[in-house]
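Architecture at a glance
Residues per chain are reported as follows:
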Amino acid sequence: MASLEEVRHRLQVAGQPQLLRFWDELGAAQKTSLLGELAVLDAELLKEHCRSAAEAYARETSAPQRLDQWLQPVAPEFLGSVRRSDLDSLARWEEEGFCQISQNKVAVLLLAGGQGTRLGVTYPKGMYDVGLPSGKTLYEIQAERIHKVEQLAGEKYATKVTVPWYIMTSEFTLGPTQRFFVEHNYFNLDKSNIVMFEQRMLPAVTFDGKAILEQKGKLALAPDGNGGLYRALAENKILEDMEHRGIQYIHVYCVDNILVKMADPIFIGFCVSKGADCGAKVVEKAYPEEPVGVVCQVDGVYQVVEYSEISPEMVHKRGPDGLLTYNAGNICNHFFTLDFLKTVAHTLEPQLKQHIAIKKVPFIDEEGNLVKPTTPNGIKMEKFVFDVFQFSKNFVVFEVLREEEFSPLKNADTAEKDTPTTARRALLSQHYRWALRAGASFRDAAGFRIWDKPSLSETEDPPAVCEISPLVSYFGETLFGVISWFA
């Protein structure tokens, strides 16, 4: 570890000497901890990080640049759709996906570095129970889907199948996630096929470019965004592990989507059949003003364009079919080849744009008091996982049904959307539809028939509660003969 004098010199070079202003008040353990945090920070990189954060904040507070004149929607030849592609194509893609899975060429990678702060909890989102009858957490649901897709591919091709599960965590989530998996016996998956690794942490910065202390002896740090994946893959030797296992295709997703299809054979098969090195799942925007990023071309290059970067006229623009022209809502659900990830991680990652998140960051004031601000006071810099689309040589997009594949868990139940209630409702509504399609009938406690309601609005609970374990059905298959009556 670097000495105090070396660290003090680095901070002077970086323009951040204030980080040691309480040094003489710290105990021995606090000094060791703070010195350890500061010793790993390169002076020039810290200087550039703080400078670019302040400059990005200045740009952020100005009017957003409209990109209308450079926009083009996804080209039809690079777009597949559950709703619009023909059944033969969907079946062919699913077969191709299962074939690749059966050869142990497919892995799934979970982005799980964020805490459940907006949910009102202090533990990782994956440990959250949304109130299902089974009491299953997001981690358990996802683990069981991996188990089932392994089983389906194995039975289809009469072979032993493994889908490794890579989990990117952060300083905040690694320990709790590791303990949770141990306590639950890795949800009956082989623990050697579950690989956890950490993304980098970056200092939070004031609006004028000063790194923040959250305690007298501790920096205010935050994960470097889900785009920190690419540096983390390289630094933690994850790409080498994938290569050693024979992995060629990686399905990347966020932890908070309760409906996510792990290693989705149709999506995998579509991307492989198209020869894609990078692909994105999308959902149709719910309404023109929905504040979600849209996958499209900007000056011929694919990227995700934020709602604020498109004019109201372009947001409402429709094609001859009556659909919104810019309709491909990003859901952070991606396909990558291993070769593509290697190129990005080892060569192109420094070119990724830094984004800023303006946050309320607790800090130590000049008198040494802890302040918990009521308004935003700090900047957290992050990269986005989807910003690598620009590097793709063959990018494709696959549209899925929102009600079947996307219901994120982001907020506490005091909010209107993306809450435990909406996530629970989405899953139970999906399982209710599956049961009806399999011929199920439902009766109430008195034995009277509950009339079927196959079409439900997103704010409407199903008339009967039906939860189907992923160990029974991955996506509604094999339920005929299993389901007859529910009371």
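In what follows, the structure referred to is the one given above.
Below: a short report on this structure. (Residues numbered from 1 in each chain as written. Predicted model: local features only at pLDDT ≥ 70, side-chain atom pairs only at ≥ 80, totals over all residues. Heavy atoms only, no water.)

A closer look at the overall build of the protein
Scanning the protein for helices and strands turns up 13 helices and 23 strands. Here the C-alpha radius of gyration of the protein, 24 Å, is about what a compact globule of 487 residues would show, namely 23 Å. For the C-alpha atoms alone, the extent of the protein along its principal axes is close to 75 × 55 × 45 Å. Counting over 487 residues, the protein shows a buried share of 54%. Put simply, the protein shows about 22,200 Å² of open surface, and 51% of that area lies on carbon and sulfur atoms. (Helix = DSSP H or I, 4+ residues; strand = E, 2+ residues; numbered from the N terminus. Rg over C-alpha atoms; globule rule 2.2 N^0.38 Å. Buried < 20%, exposed > 50% of the residue type's maximum accessible area, 1.4 Å probe, protein only. Areas by Shrake-Rupley, 256 points an atom, 1.4 Å probe, with all protein chains shown as cover.)

Things to note about the packing of helix α1 (residues 4-14) against helix α3 (residues 43-60)
The geometry of α1 relative to α3 is characterised by a closest axis approach of 8 Å and an angle of 35° between their N-to-C directions. Considering only the axes of α1 and α3, their crossing is right-handed. From α1, Arg10, Leu11, Val13 and Ala14 reach across to α3, where they touch Ala43, Glu44, Leu46 and Lys47. Taken together, the residues that form the contact of α1 with α3 break down as five nonpolar, no polar and three charged. (Axes fitted to C-alpha atoms, helices over the stretch in contact; angles between N-to-C directions. Left-handed = near helix turned anticlockwise from the far one by under 90°. Contact = heavy atoms within 4.5 Å. Nonpolar A, V, L, I, M, F, W, Y, C, P; charged D, E, K, R; others polar.)

Some details on the packing of aromatic side chains
What characterises a pair of aromatic rings is the spacing of the ring centres plus the angle enclosed by the ring planes. Counted under the stated rule, the structure contains 22 aromatic pairs. Centroid distance Tyr432 to Phe442: 5.3 Å. Interplanar angle 35°. Geometry classified as tilted. Separated by 10 residues along the polypeptide, Tyr432 in helix α13 (residues 420-437) and Phe442 in strand β21 (residues 441-443) bring together distant segments of the chain. For the pair shown, Tyr432 and Phe442 are each scored as buried. Here a set of aromatic residues connected by ring pairs shows up, and it is made of Trp93, Tyr249, Phe267, Phe270, Phe335 and Phe398. Above the ring of Phe475, the side-chain terminus of Lys261 is found at 3.8 Å from the ring centroid. (Phe/Tyr/Trp six-rings, centres within 6.5 Å; stacked < 30°, edge-to-face > 60°. Lys NZ or Arg CZ within 6 Å of the ring centre and 35° of its normal.)

Observations regarding unusual backbone geometry
Even without a glycine there, the phi angle at Tyr186 is positive, about 55°. Its place among the elements puts Tyr186 in the loop between α6 (174-183) and β5 (194-198). Phi angles above zero are rare outside glycine, and Thr478 is one such case at about 60°. Structurally, the position occupied by Thr478 is in the loop between β22 (449-450) and β23 (485-486). Overall, the relative accessible area of 45% leaves Thr478 in the partly exposed class.

Focus on the nonpolar core
Within the largest apolar cluster, 46 residues are counted, with the highest numbers of intra-cluster contacts made by Tyr139 and Trp165. Of all hydrophobic cores here, the second largest spans 45 residues; its members include Tyr166, Ile238, Met242 and Val282. (Core = buried A, V, L, I, M, F, W, Y, C linked by side-chain atoms within 4.5 Å.)

Considering the environment of Gln72
Within the fold, Gln72 resides in strand β1 (residues 71-72). A relative accessible area of 47% means that Gln72 is categorised as partly exposed. Put simply, Gln72 and Tyr326 are 254 residues apart on the chain and 8.3 Å apart in space, counted from C-alpha to C-alpha. Apart from residues lying up to four places away in sequence, Gln72 is in contact with Cys296, Gln297 and Tyr326.

A few points about the pattern of salt bridges
As enumerated under the stated definition, the model contains 27 salt bridges in all. One salt bridge connects Arg449 with Asp452, and the closest N-O pair in it is separated by 3.4 Å. Take Asp452: its relative accessible area is 36%, and that puts it in the partly exposed class. It is possible to trace a salt-bridge network through shared partners that takes in Arg83, Arg84, Glu284 and Glu399. (Salt bridge = Lys/Arg side-chain N within 4 Å of Asp/Glu carboxyl O.)

Thoughts on the sheet that holds strand β7 (residues 205-206)
Read across the open sheet, the three strands follow the order β7-β19-β16; overall the sheet is antiparallel. Both edges of this open sheet fall to β7 and β16 (355-359), since each of them pairs with a single strand only. Here β16 pairs with strand β19 (residues 378-382) via five bridges, running antiparallel. In the strand pairing of β19, His355 is matched with Glu382. Along the sheet, α3 contacts β7, β16 and β19; its crossing angle with β19, the most-contacted strand, is approximately 105°. (Pairing = 2+ DSSP bridges.)

Let's talk about α13
In this model α13 runs 26 Å from its N-terminal to its C-terminal C-alpha over 18 residues, within 8% of the 26 Å that 1.5 Å per residue would give. For α13, a buried count of 15 out of 18 residues is recorded, marking the element as mostly surrounded by other parts of the structure. Residue Gly439 follows α13 closely and has a positive phi angle near 95°. (Expected span 1.5 Å × (residues − 1).)

Focus: the state of the cysteines
As enumerated under the stated definition, the model contains zero disulfides in all. Here Cys271 is not cross-linked by a disulfide; its sulfur's nearest cysteine counterpart is in Cys278, at 8.4 Å. Since its relative accessible area comes to 0%, Cys271 is described here as buried. (Disulfide = S-S within 2.5 Å.)

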